[in-house]
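Spelled out, the chains give:
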Amino acid sequence: MAAHLNSGRVNLMALREAGRKELREFLDKCAGSKAIVWDEYLTGPFGLIAQYSLLKEHEVEKMFTLKPGRLPPADVKNIIFFVRPRLELMDIIAENVLSEDRVRCPQRDFHILFVPRRSLLCEQRLKDQGVLGSFIHREEYSLDLIPFDGDLLSMESESAFKECYLENDQTSLYHAAKGLMTLQALYGTIPQIFGKGECARHVANMMIRMKREFSGSQNPIFPVFDTLLLLDRNIDLMSPLATQLTYEGLIDEIYGIQNTYVKLPPEKFAPKKQGEGGKDLPTEPKKLQLNSAEELYAEIRDKNFNAVGSVLSKRAKIISAAFEERHHAKTVGEIKQFVSQLPHMQAARSSLANHTSIAELIKDITTSEDFFDNLTVEQEFMSGIDTDKVNNYIEDCIAQKHPLIKILRLVCLQSVCNSGLKQKVLDHYKREILQTYGYEHILTLNNLEKAGLLKTQLTSRNNYPTIRKTLRLWMDDVNEQNPNDISYVYSGYAPLSVRLAQLLARPGWRSIEEVLKMLPGPHFEERQQLPTGLQKKRQHGENRVTLVFFLGGVTYAEIAALRFLSQMEDGGTEYVIATTKLINGTSWVKSLMEKLEPPPF
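Attention in this report is confined to the structure presented alongside it.

Conventions and cut-offs
Residues numbered from 1 in each chain as written. Predicted model: local features only at pLDDT ≥ 70, side-chain atom pairs only at ≥ 80, totals over all residues. Heavy atoms only, no water. Helix = DSSP H or I, 4+ residues; strand = E, 2+ residues; numbered from the N terminus. Pairing = 2+ DSSP bridges. Axes fitted to C-alpha atoms, helices over the stretch in contact; angles between N-to-C directions. Contact = heavy atoms within 4.5 Å. Disulfide = S-S within 2.5 Å.

Let us now look at unusual backbone geometry. Backbone torsion omega between Val115 and Pro116 reads 0°, so that peptide bond is classified as cis. Position of Pro116 relative to the elements: it lies in the loop between β4 (109–114) and α5 (120–128). Backbone torsion omega between Arg506 and Pro507 reads 5°, so that peptide bond is classified as cis. Within the fold, Pro507 resides in the loop between α20 (496–505) and α21 (513–518).

Glancing now at the sheet that holds strand β7 (residues 152–154). Each strand in a sheet pairs with its neighbour through backbone hydrogen bonds, running either in the same direction (parallel) or in the opposite one (antiparallel). Pairing is mixed in the open sheet, where seven strands are placed in the order β6-β7-β15-β14-β9-β8-β13. A strand with exactly one partner marks an edge of an open sheet, and here the two such strands are β6 (146–149) and β13 (523–527). When strand polarity is set aside, the average angle formed by the axes of neighbouring strands in this sheet is 20°. The pairing of strand β8 (residues 192–196) with strand β9 (residues 227–232) spans five bridges and is classified as parallel. Paired with Phe194 across the strands is Leu229, a residue of β9. Contacting β8, β9, β13 and β14 (544–551), helix α8 (residues 198–213) runs over the sheet at an angle of about 140° to β9.

Take the state of the cysteines next. For the structure on display, the rule yields zero disulfides. Cys164 carries a free sulfur, and the closest cysteine sulfur to it, the one in Cys199, is 4.3 Å from it. With no disulfide of its own, Cys412 has Cys417 as its nearest cysteine by sulfur position, at a separation of 11 Å.

This part takes up the sheet that holds β4. With parallel pairing, the five strands of this open sheet are ordered in space as β2-β1-β3-β4-β5. Sheet topology places β2 (60–65) and β5 (135–140) at the edges, where each strand pairs with a single neighbour. On average, each strand axis in the sheet is tilted by 20° relative to the strand beside it, whichever way the strands run. The sheet contact formed by β4 and β5 spans five bridges and is parallel. Counterpart to Leu113 in the pairing with β5 is Glu139. Contacting β1 (34–38), β2, β3 (78–83), β4 and β5, helix α1 (residues 13–29) crosses the sheet at an angle of about 170° to β5. Helix-sheet contacts for helix α2 (residues 40–47) involve β1, β2 and β3, and the interaxial angle to β1 is about 110°.

Listed below in structure tokens is the structure:
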């Protein structure tokens, strides 16, 4: 089922298995038949750890979504709430429990599983509501890092960036440190830690402290990872704001990928039957899972979208040639061999049909004038053209009332590419936005300023051109079909975060000390002592393995760029990527938006 998790250098099945074991142990504590009441946000992440079949084996008979009012009827002995530690959810749980108690079911047992941590505040809220005593088991399930693919882990903590940069709340950093400790328990101590940024420093300090506290209880394991690189999202605010141009990045930009699943408009996927015209078109969105278990997707996901068409047409020729083979099968043995290959061929054909449809949907958007104009402005900003004055295209978009998120992404990108905007330019944009979209968005603009996405240029010095030149962030001659540099993922811009990872591997950060000082937060290096006998002897030609942890979110384009570096012949380093959340510009800016609601009269 999850074979794609052990396809890379690091077998992430072990991490998934550890999560499943902990879940089974908790379910077995609650003897008898069970119903699970889910905090809806958790169903996606949990689906990547355990399918319904595993829950069923442990007597889970019913599953409900947590909502106010009474629980649906269920003839079970145990009711288990799986929830995040949020106060507003505690009120709903209390309502569920109180309305249940009044009905004739005295023999029911209630349990609560906090994900990823128990919270004293939440337990106090349950106590205030008079229901804390109703719970037999109150436990926590540390779902810190969830394996999404053979080289990708995410905590799926949707508010991590906002908590760290706006609210000064370090909870998600603690969870990140805990997740890294779990990884080290399974895959050995990581000898070298590098980091850049305030959050990175905090996580490294917490890890080192936790390691000291648990020093007696470590299993001696040969280290799988050679290096850990911790990167703050705010050292590179540009990559999430720019439009990703890889196949997977564009699917996420346009349709949004949630826990490896995407929902697409159904029209393109309706089976075409002769003579039926357009009747009975499906109305439900088409839901597809996207990961490297699907051979074709693994091949095209990280390509620039302009290189996807040729791969699809080549694949179509191979598949139709394979189906033609049946006419040449003469002997019983040949026919038998053809029949044995049939399921694989049919799966390949259906996969090709799906991706051809997705590519058509994306192409409709990427060939539109609006997409082209937007991309042109982004690329001008990133290559340093006209970043210091009010942009005509942005003004036109505001006048035509384009979606607010699109405007915010462009204005923030201009601000980041100019190390802040002149006061009068920033004031002009703010005034235009508030007058067009409403004054309730003043809080959003304030949040973007606090997070450093929008700011006034305090000195007349703009550091971005120096950073751009030193790190080669803008490449004019990009080969999208057969790339030779990571800049292909944005058709010209090389993600700063990934360039830092690339330069750390070779020649090392000493070569870019001056630029590192221009980026926010400290940069540091720590070494963790390995027990004797566990020092790694590298075989000749064996690549190093680096875990890059993005604190505050990572985009699919950055992941594609790191995979590109892993596959380079002379690269010498393979990357595994971890993050607090998989993001795109829209979901990221949305997490910082706040609306002033008028008071009810």
